[in-house]
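Understanding the architecture of this molecule
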Amino acid sequence: SAVISQKPSRDICQRGTSLTIQCQVDSQVTMMFWYRQQPGQSLTLIATANQGSEATYESGFVIDKFPISRPNLTFSTLTVSNMSPEDSSIYLCSVATNEKLFFGSGTQLSVL
Amino acid sequence: AQRVTQPEKLLSVFKGAPVELKCNYSYSGSPELFWYVQYSRQRLQLLLRHISRESIKGFTADLNKGETSFHLKKPFAQEEDSAMYYCALPAKIDQAGTALIFGKGTTLSVSS
């Protein structure tokens with residue numbers, strides 16, 4: 001299994017600002033994923049972050065809005081840029097190991 | 001395209017009653033399916049995967065390719081089973097360690 005530390009656990013932000021979410025894994029993993037879970041909705045994949053290459057974004061998500069860094073095999077960040085109230089959501093970091101997905105505890109973001 | 005459908009948003013049962021959480025899928029390849037569970041104030045965690053054919057906390061799920069279903073079952077529900085349950089399958093066909101696509105989830109409420 002993998003132990004994932006994600007922070008911050010929650011934040012309240014002002015419209016137009018940016019927030020960077022950090023994800024730290026206790027072991028080296030090739031693939032890391034960022035998901036969004038809007039209120040009352042399921043998990044939606046934002047992007048796949050592989051070390052040494054640019055992140056791959058899913059339809060509806062763009063790098064300018066959600067820039068991702070993956071400097072090494074145990075760490076990644078997701079930035080939510082120029083936030084609006086529609087970005088209020090839970091953001092989840094996930095890693096694949098032994099063909100299973102493990103999740104961080106999530107970042108609950110509220111944008112005023 | 002790959003898709004997961006969980007038709008029930010909420011399932012309420014009494015303690016000791018049988019439980020069946022429905023999941024139907026659309027997948028072009030040979031599917032590997034998962035059930036994830038999220039208990040109150042806990043992170044999302046893997047409950048079971050069809051390839052391992054194991055029973056976790058009394059839950060089982062059988063892949064029915066003819067009906068394209070992967071329903072989650074438990075013969076006698078317990079109050080501690082109350083949680084949100086998500087059915088999921090790989091985002092990319094026949095690719096191990098890929099991100100997962102999740103259904104909308106079913107809230108299971110078990111009362112005494």
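You'll find the structure just up there.
Residues numbered from 1 in each chain as written. Chains lettered and ligands numbered in written order. Predicted model: local features only at pLDDT ≥ 70, side-chain atom pairs only at ≥ 80, totals over all residues. Heavy atoms only, no water.

1. Comments concerning the overall build of chain A
Stated formally: Secondary structure elements are taken from DSSP: a helix is a run of H or I of four residues or more, a strand is a run of E of two residues or more, and numbering for both begins at the N terminus. For a compact globule the rule gives 2.2 Å times the number of residues to the power 0.38, and the radius of gyration it is set against comes from C-alpha atoms. Think of it in three bands: residues with accessible area under 20% of the maximum for their type are buried, residues over 50% are exposed, and the middle band is partly exposed, with areas taken using a 1.4 Å probe on protein chains only. Any two residues whose heavy atoms approach within 4.5 Å are treated as being in contact. Neither His nor the chain termini are counted; the positive set is Lys and Arg, and the negative set is Asp and Glu. All charge positions are set by atom: Lys at NZ, Arg at CZ, Asp at CG, Glu at CD.
Check the secondary structure of chain A and you find 0 helices and 11 strands. For chain A, the N- to C-terminal ordering of α and β elements is β-β-β-β-β-β-β-β-β-β-β. Scaling as 2.2 N^0.38, a compact globule of 112 residues should have a C-alpha radius of gyration of about 13 Å, and chain A matches this with 13 Å. Expressed along its principal axes, the backbone C-alpha trace of chain A runs to roughly 40 × 25 × 20 Å. Across the 112 residues in chain A, those meeting the buried criterion constitute 50%. Considering only intrachain contacts with a sequence separation of at least 6, the fraction spanning at least 24 residues in chain A is 52%. Computing the positive centroid from 7 side-chain charges and the negative centroid from 8, chain A places the two 7 Å apart.

2. Some thoughts on the interface of chain B and chain A
Interface size is often expressed as the accessible area that is lost when the parts come together. What counts here: Two parts placed together each lose some accessible area; with a 1.4 Å probe, that loss summed over both constitutes the buried area. A pairing counts as a salt bridge when a side-chain nitrogen of Lys or Arg comes within 4 Å of a carboxyl oxygen of Asp or Glu. Definition of a polar contact: a pair of N or O atoms within 3.5 Å, with one able to donate and the other able to accept a hydrogen when the atoms are protein atoms, and with sequence-neighbouring residues admitted only if both atoms are side-chain atoms.
Counting residues at the interface gives 17 residues for chain B, matched by 17 residues for chain A. Counting each side, the surface lost to burial between chain B and chain A is near 1,500 Å², with a carbon and sulfur contribution of 53%. Where chain B touches chain A, the interface holds 0 salt bridges. There are 6 residue pairs in polar contact (both at pLDDT 80 or more) connecting chain B and chain A. Within the residue set of the side of chain B that touches chain A, elements represented by two or more residues are β5 (34–38), β6 (45–49) and β10 (100–102) of chain B. Broken down by element, the residue count for the side of chain B that touches chain A peaks at 3 residues, all from β5(B).

3. Focus on the pattern of salt bridges
Residue and element names in this part refer to chain B. Considering all chains together, one arrives at 5 salt bridges over all chains under this definition. A salt bridge links E20 to K22, with the nearest nitrogen and oxygen atoms 3.1 Å apart. What makes K22 partly exposed here is its relative accessible area of 29%. For the salt bridge of K74 with D81, the shortest nitrogen-to-oxygen distance reads 2.8 Å. Relative accessible area serves as the criterion here: at 10%, K74 is assigned to the buried category.

4. Details of the sheet that holds strand β7 (residues 60–61) of chain B
All names here are of chain B. Rule in force here: Pairing between strands requires that DSSP locate at least two bridges from one strand to the other.
Ordered in space as β3-β8-β7, the 3 strands form an open sheet in which the pairing is antiparallel. Looking at the sheet topology across the chains shown, the edges are occupied by β3 (19–21) and β7. In terms of strand pairing, β3 meets strand β8 (residues 72–74) through 3 bridges, oriented antiparallel. Note that in β8 the partner of L21 across the bridge is L72.

5. Considerations on the sheet that holds strand β7 (residues 68–72) of chain A
All names here are of chain A. Stated formally: The axes used here are C-alpha line fits, helices contributing only the stretch in contact, and every angle between their N-to-C directions lies in the interval 0 to 180 degrees.
Taking strand neighbours across the sheet as the criterion, the 4 strands line up as β1-β3-β8-β7 in an open arrangement whose pairing is antiparallel. Both edges of this open sheet fall to β1 (4–7) and β7, since each of them pairs with a single strand only. Adjacent strand axes in the sheet meet at a mean angle of 15 degrees, parallel and antiparallel pairs treated alike. Examined bridge by bridge, strand β3 (residues 19–25) and strand β8 (residues 75–80) share 6 bridges and lie antiparallel to one another. Residue Q24 lies in a different strand from β8, and its bridge partner there is F75.

6. Side note on the side chain of K65(A)
Residue and element names in this part refer to chain A. Residue position: K65 is located in the loop between β6 (56–57) and β7. Within the structure, the side chain of K65 is placed 2.7 Å from the backbone oxygen of S81, a separation counted as a polar contact. Reaching out from K65, the side chain makes a polar contact with the side chain of D87 at a distance of 2.6 Å. Every residue in contact with K65, bar those within four places of it in the chain, is listed here: T79, V80, S81, N82, M83, S84 and D87.

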